[in-house]
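Spelled out, the chains give:
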Amino acid sequence: MNSFKRHMWLVLIAYCIVGLIYPPIGIVAVACMLAPVVTGPFMGRKWCNSFCPRGSFNDVMLKRVTLNKGIPRLFKATAFKVIFLIVLMSLFAMQLTLAWGDWDAVGLVFVRMVLITTIIDIMLGIYYHQRTWCAFCPMGTMGGWAFKLKNRIKRRLQGRESLATMLRKEG
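Summary of the structure given here.

About the criteria used
- Positions within a chain are numbered from 1, following the residues in the order the chain's sequence is written.
- Residue-level local features of this predicted model are given only where pLDDT is at least 70; pairs of side-chain atoms are given and counted only at 80 or more, and the full residue set underlies all totals for whole chains, interfaces and linings.
- Side-chain measures here rest on the full set of heavy atoms in the structure, leaving out hydrogens and waters.
- A fitted line through C-alpha atoms serves as each axis, taken over the contacting stretch for helices, and the angle formed by two N-to-C directions is quoted from 0 to 180°.
- To qualify as a helix, a DSSP run of H or I must reach at least 4 residues; to qualify as a strand, a run of E must reach at least 2; elements of each kind are numbered from the N terminus.
- Angles are sorted into four bins: roughly parallel if under 35 degrees, roughly antiparallel if over 145, roughly perpendicular if 65 to 115, and oblique for all others.
- What makes a crossing left-handed is the near helix being turned counterclockwise from the far one by less than a right angle; a clockwise turn instead makes it right-handed.
- Whether two residues are in contact is decided by their heavy atoms, any of which lying within 4.5 Å being enough.
- Only protein chains enter the area calculation, which uses a 1.4 Å probe; residues under 20% of their type maximum are buried, those over 50% are exposed, and those in between are partly exposed.
- We call Phe, Tyr and Trp rings a pair once their centres come within 6.5 Å, taking the six-membered ring for Trp, and we label the pair stacked below 30 degrees between planes, edge-to-face above 60, and tilted otherwise.
- A helix's residues, less one, multiplied by 1.5 Å, set its expected span.
- By the criterion applied in these results, polar contacts are pairs of N or O atoms within 3.5 Å in which, for protein atoms, one can donate a hydrogen and the other can accept it, and in which residues neighboring in sequence qualify only through two side-chain atoms.
- Cavities and pockets are defined on a 1 Å grid built over the protein atoms alone: a cavity is a set of grid points where a 1.4 Å probe fits but cannot escape, while a pocket is an open set with protein on both sides within 12 Å along at least five of seven lines, and lining residues are those with an atom within 4 Å of any such point.
- Grid points are joined across faces, edges and corners, and a volume is the space filled by probe spheres set on the points.
- Under this grouping Gly is polar, as are all residues other than the nonpolar Ala, Val, Leu, Ile, Met, Phe, Trp, Tyr, Cys and Pro and the charged Asp, Glu, Lys and Arg.
- Patch membership requires over 30% relative accessible area and the absence of a salt bridge. Like charges are linked within 9 Å, and nonpolar side chains (Val, Leu, Ile, Met, Phe, Trp, Tyr) within 5 Å.
- All accessible-area figures derive from a Shrake-Rupley calculation using a 1.4 Å probe, and residue coverage is judged against the displayed protein chains alone.
- Every case where a carboxyl oxygen of Asp or Glu lies within 4 Å of a side-chain nitrogen of Lys or Arg is listed as a salt bridge.
- The sign given to each residue is positive for Lys and Arg and negative for Asp and Glu; His and the chain ends receive no count.
- To locate a charge, take NZ of a lysine, CZ of an arginine, CG of an aspartate or CD of a glutamate.

### Points about the packing of helix α7 (residues 78-99) against helix α8 (residues 103-127)
The geometry of α7 relative to α8 is characterised by a closest axis approach of 8 Å and an angle of 155° between their N-to-C directions. As judged from the angle between their axes, α7 and α8 are roughly antiparallel. Where α7 crosses over α8, the two elements pack in a sense that is right-handed. When α7 is examined against α8, the residues L88, F92, Q95, L96 and A99 are found in contact with a partner set consisting of A105, V106, V109, F110, R112, M113 and T117.

Next up, the structure:
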C-alpha cells in the first residue's frame, strides 16, 4: 500500500469532525462522490482502490478488527446494488430538497450521509470483511458501470469498423 493511500483515511475522519463543527464544509463531499463516476470510464474502480478515503479507512483501520468472514453474495448482487443506490440517493435527494437554500443545512446533509454510511461500513466491515461496503458502494457501483458502458460502446464501435472493413473488401 502506497503512502498516499495509507493516509487517506485521515481525510474521512477530518471531514466528519470538521463537518459537525462547520457544516457548510460538508459540500466538499461532492468531489469524493463524483470522482469515482468521472474517473470510472477511464480507470474503472481504481479510484476506490487507490484514492477513496473510506477505502483507505477500511484497509488501514478495519482490516485490524474484521472477523474476515468474506463478503456475502447478497451485497455483490446487481439487484441489491440497484435497490440500495435508488433508496440511498432518494433519501439523499429528499434531504437536499428540504435543506436547499441554507448552506449549513445542505452541508449537514452531506456530513450526515457520510456519517451514516461510515457507521454502516464499520459494522459490516467488522462483522464480514473490511471492504464489504465497497461491494455495493453507490459511487463505486456507478463508476464500475461507467467503465463497463464505455467498454461496451468501444467493442460495438470496433465491431462496426470490422464489419465496414469486411464489407469494403467484399465490395
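Having seen the structure, we can now continue with the description.
### Points about the side chain of Q130
Residue placement: Q130 occurs in the loop between α8 and α9 (132-136). For Q130, the contacting residues outside a window of four places in its chain are N58, D59, L62, K63, T66, D121 and G125.

### Some remarks on the environment of T141
Topologically, T141 is positioned in helix α10 (residues 138-170). A relative accessible area of 4% places T141 in the buried class. C-alpha of T141 to C-alpha of D104: the two residues are 37 residues apart in sequence and 29 Å apart in space. Discounting residues that sit within four places of it in the chain, T141 has contacts with R45, K81, A135 and F136.

### Observations regarding the packing of aromatic side chains
Scanning all chains against the criterion turns up 13 aromatic pairs. Plain terms: the ring middles of W100 and W103 are 6.5 Å apart, the flat faces sit at 55° to each other, and that makes the pair tilted. In terms of burial, W100 and W103 fall into one category: exposed. Aromatic rings pair up to connect F75, F80, F84, Y127, Y128, W133 and F136 into one cluster.

### Notes on unusual backbone geometry
At N68, a position not held by glycine, the phi torsion is positive, near 55°. As for its position among the elements, N68 is in the loop between α5 (53-60) and α6 (73-76).

### Comments concerning α8
A rise of 1.5 Å per residue sets the reference length of α8, with its 25 residues, at 36 Å; its end C-alpha atoms lie 36 Å apart and thus fit the reference within 8%. By the burial criterion, the buried members of α8 are V106, G107, V109, F110, V111, M113, V114, T117, T118, D121, L124 and G125. Elements in contact with the buried residues of α8: α2 (9-21), α3 (29-43), α5, α6, α7 and α9. The N-cap of α8, judged by a side-chain oxygen 3.1 Å from the amide nitrogen of D104 a few residues on, is D102.

### Some remarks on the layout of surface pockets
Considering only enclosed or pocket space, the largest pocket measures out at about 590 Å³ in volume. Taken together, 32 residues form the lining of the largest pocket, with A29, C32, M33, R54 and V114 sitting closest to its centre. Counting only elements with at least two residues in the lining of the largest pocket, the list comes to α2, α3, α4 (46-50), α5, α7, α8, α9 and α10. No other element matches the five residues that α3 contributes to the lining of the largest pocket. Across the lining of the largest pocket, the residue classes break down as 26 nonpolar, three polar and three charged.

### Some remarks on a positive patch on the surface
Residues K148, R152, R155 and R156 make up a contiguous surface patch of positive charge. If you trace the backbone, K148 turns up in helix α10.

### What to know about the pattern of salt bridges
Two side chains of opposite charge can pair, provided their charged atoms sit close to one another. Applying the stated criterion across every chain, the model contains two salt bridges. Between R131 and D59 there is a salt bridge, with the nearest N and O atoms lying 2.7 Å from each other. Here D59 lies in helix α5 and R131 lies in the loop between α8 and α9, a separation of 72 residues in the sequence. Across the pair, D59 and R131 agree in class, each one buried. A cluster of three or more residues bridged by salt bridges with shared partners is formed by K5, D59 and R131.

The values reported here are purely geometric and, on their own, carry no functional implication.
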